[in-house]
Amino acid sequence: CADLIEWWEHRHDPDVLFLLFDEVVQHKPAAIQRVAAFMGCEADVALVALVAKMTSHAAMRADRGRFNDDALLAPSLWRRRGDVPVPLAGKVRADGGISGQGAEQVPAWAVKEVQRVWTATVAKATGLTTFAALSELRSAELRRARSRSG
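If you're wondering where the values come from, they're calculated on a predicted model, not measured in any experiment. (Residues numbered from 1 in each chain as written. Predicted model: local features only at pLDDT ≥ 70, side-chain atom pairs only at ≥ 80, totals over all residues. Heavy atoms only, no water.)

Student: Describe in detail a nonpolar patch on the surface, supporting the description with residues and values.
Tutor: On the surface, a cluster of nonpolar side chains totalling about 280 Å² of accessible area is made up of Leu47, Leu50 and Met54. Topologically, leucine 50 is positioned in helix α4 (residues 45-54). According to the relative accessible area criterion, leucine 50 is partly exposed, its value standing at 44%. (Patch = residues over 30% accessible without salt bridge, like charges linked within 9 Å, V, L, I, M, F, W, Y side chains within 5 Å. Areas by Shrake-Rupley, 256 points an atom, 1.4 Å probe, with all protein chains shown as cover. Salt bridge = Lys/Arg side-chain N within 4 Å of Asp/Glu carboxyl O. Helix = DSSP H or I, 4+ residues; strand = E, 2+ residues; numbered from the N terminus. Buried < 20%, exposed > 50% of the residue type's maximum accessible area, 1.4 Å probe, protein only.)

And the structure:
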């Protein structure tokens, strides 16, 4: 949470590109163009399409081991709590799905713990009581920026 708070405070700095995962998933071509512009690269239609294809769920699923850090993170958490892990808690779901859908598989105790930590850290620093509130504010900021530039 400390990293999120620090980057959130600098999200408007010209040398910072602040992206939320859901922004990228929901608006991938626009996110690719934002990354390219931030890096000072040209992003024509063909390049955007290629990057979108290479970052698709199908491409990542085909090389899933490169995108799954469950082996490092999840086992110790599950052992501490004594819970059985969900079928897939990694970054690339075998069955596809949509962003946020995995939250349905998170045990209630974990949801409570995440909210407790969020309240004690992120909400205290930003006034945003949930990730949804942070995401909504960020979406509004992006809409305002697009309307000013377009």
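Additional details are given in the paragraphs that follow.
Student: Before we move on, could you go through the pattern of salt bridges and cite the residues and values that matter?
Tutor: The full count for this structure, using the stated rule, is five salt bridges. Measuring nitrogen to oxygen at the nearest pair gives 3.2 Å for the salt bridge that ties glutamate 23 to arginine 34. Highlighted residues: glutamate 23 in helix α2 (residues 21-26) and arginine 34 in helix α3 (residues 28-39), separated in sequence by 11 residues. Taking relative accessible area as the criterion, glutamate 23 reaches 9% and is therefore assigned buried.

Student: Describe the nonpolar core, with residues and values.
Tutor: Ile5, Trp8, Phe18, Leu20, Trp118, Val122, Ala123, Leu128 and Leu134 form the largest nonpolar core, which has nine residues in total. Elements supplying a minimum of two residues to this core: α1 (2-9) and α7 (108-126). No other element matches the three residues that α7 contributes to this core. (Core = buried A, V, L, I, M, F, W, Y, C linked by side-chain atoms within 4.5 Å.)

Take it as geometry only, folks, not as evidence of what the structure does.
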